[in-house]
Amino acid sequence: MSLPKDVKVEQITQIEGIGDTLTSTEDTIETKASDCIAQVSSDTLSTTQLIASLQKNDDVVACEPNYIYHINSYNDPYYNYQWGVNPSSSISSSQQSDIGLTNISSNVASNNVVVVMDTGINYNHEDLTGRVLTRYNYNAFTNTYGGLDDNGHGTHCAGTIAANANNGKGITGITSLTSLISVKTMDSDGYGSSSELLAGLKYVQNLVRSGVAIKAINMSFGGFGYSSYILSAINTLGESGV
């Protein structure tokens, strides 16, 4: 739920008429909706009942479920063959030029940073040597620095973006000049919730404010829940140049 900046979550954790005391966490993330987003849970109410009860409180600006998201994976045997960045692939040079594939690596500044918000990155991978800014890696599940991949999906995404070129190993990234930061918001099974995503986005906001030259965030996952909070946080980052 979101609250006005002058209202504390402790003021609404007791639901009137029900006697149910909520457990909660409170955090601040830059969104268009509010200065405060709190996650609350109940031992006795369903999600629908809890939202309905909270919406009766005049101090609650809005509330929504803690949606679950998941990575998108494929089992096609040739999925990892990257025809899009291979000049000798089946698409013509004019088609490559039309979609911006020719000389793409040389068009990206070396100080640009891409955040991979996923299952983490295996920053020890031989094809990602020197690409990952490990001092900035973050794990939203533990709220600690880290972000090592325990699934593989995030590393796959990282390689597609910035795997080292001309090293005789693995694949060639879209740009070998971009640095990467791992923000782990998906677990080893490829699942994460709105809470982890918002924590990850808040962390990215803090990095941008500290001067880290983040130009893009890769978020290769999906789900059926629409979160206005996540959208608002993303839009705020967009307005700051990401």
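Residues numbered from 1 in each chain as written. Predicted model: local features only at pLDDT ≥ 70, side-chain atom pairs only at ≥ 80, totals over all residues. Heavy atoms only, no water.

**Section: the confidence of the model for the chain**
Model confidence for the chain is summarised by a mean pLDDT of 77, while 69% of its residues fall at 70 or above. For residues 74-79, every residue scores under 50 in pLDDT, and the model assigns this stretch two contacts once sequence neighbours within four places are set aside. Taken as a whole, residues 86-92 scores under 50 in pLDDT and shows eight contacts with residues more than four places along the chain or in a different chain. (pLDDT = per-residue confidence, 0-100. Contact = heavy atoms within 4.5 Å.)

**Details of the packing of helix H4 (residues 194-209) against helix H5 (residues 228-239)**
It is at 10 Å that the axes of H4 and H5 come closest, and there the two elements cross at 15 degrees. Of the possible angle classes, the one that applies to H4 and H5 is roughly parallel. Relative to H5, H4 is oriented so that their crossing is left-handed. Here Ser 194, Leu 197, Leu 198, Leu 201, Val 204, Gln 205 and Val 208 of H4 come into contact with H5, specifically with Tyr 229, Ile 230, Ala 233, Ile 234, Thr 236 and Leu 237. (Axes fitted to C-alpha atoms, helices over the stretch in contact; angles between N-to-C directions. Helix = DSSP H or I, 4+ residues; strand = E, 2+ residues; numbered from the N terminus. Parallel < 35°, antiparallel > 145°, perpendicular 65-115°, else oblique. Left-handed = near helix turned anticlockwise from the far one by under 90°.)

**As for the side chain of Thr 155**
Inspection of the secondary structure assignment puts Thr 155 in helix H3 (residues 153-162). We classify Thr 155 as buried; its relative accessible area is 13%. Only 2.7 Å separates the side chain of Thr 155 from the side chain of Asp 149, close enough to count as a polar contact. (Buried < 20%, exposed > 50% of the residue type's maximum accessible area, 1.4 Å probe, protein only. Polar contact = N/O pair within 3.5 Å; in protein donor to acceptor, adjacent residues only side chain to side chain.)

**Here's the deal with the sheet that holds strand E9 (residues 144-145)**
Spatially, E9-E8-E10-E7-E12 is the arrangement adopted by the five strands of the open sheet, whose pairing is mixed. Strands at the two margins of the open sheet, each flanked by one partner only, are E9 and strand E12 (214-218). Each of strand E7 (113-118), strand E10 (179-184) and E12 touches H3; the most contacted strand, E7, lies at about 160 degrees to it. (Pairing = 2+ DSSP bridges.)

**A word on unusual backbone geometry**
A positive phi angle, near 55 degrees, is found at Asn 143, a position not held by glycine. Topologically, Asn 143 is positioned in the loop between strand E8 (138-139) and E9.

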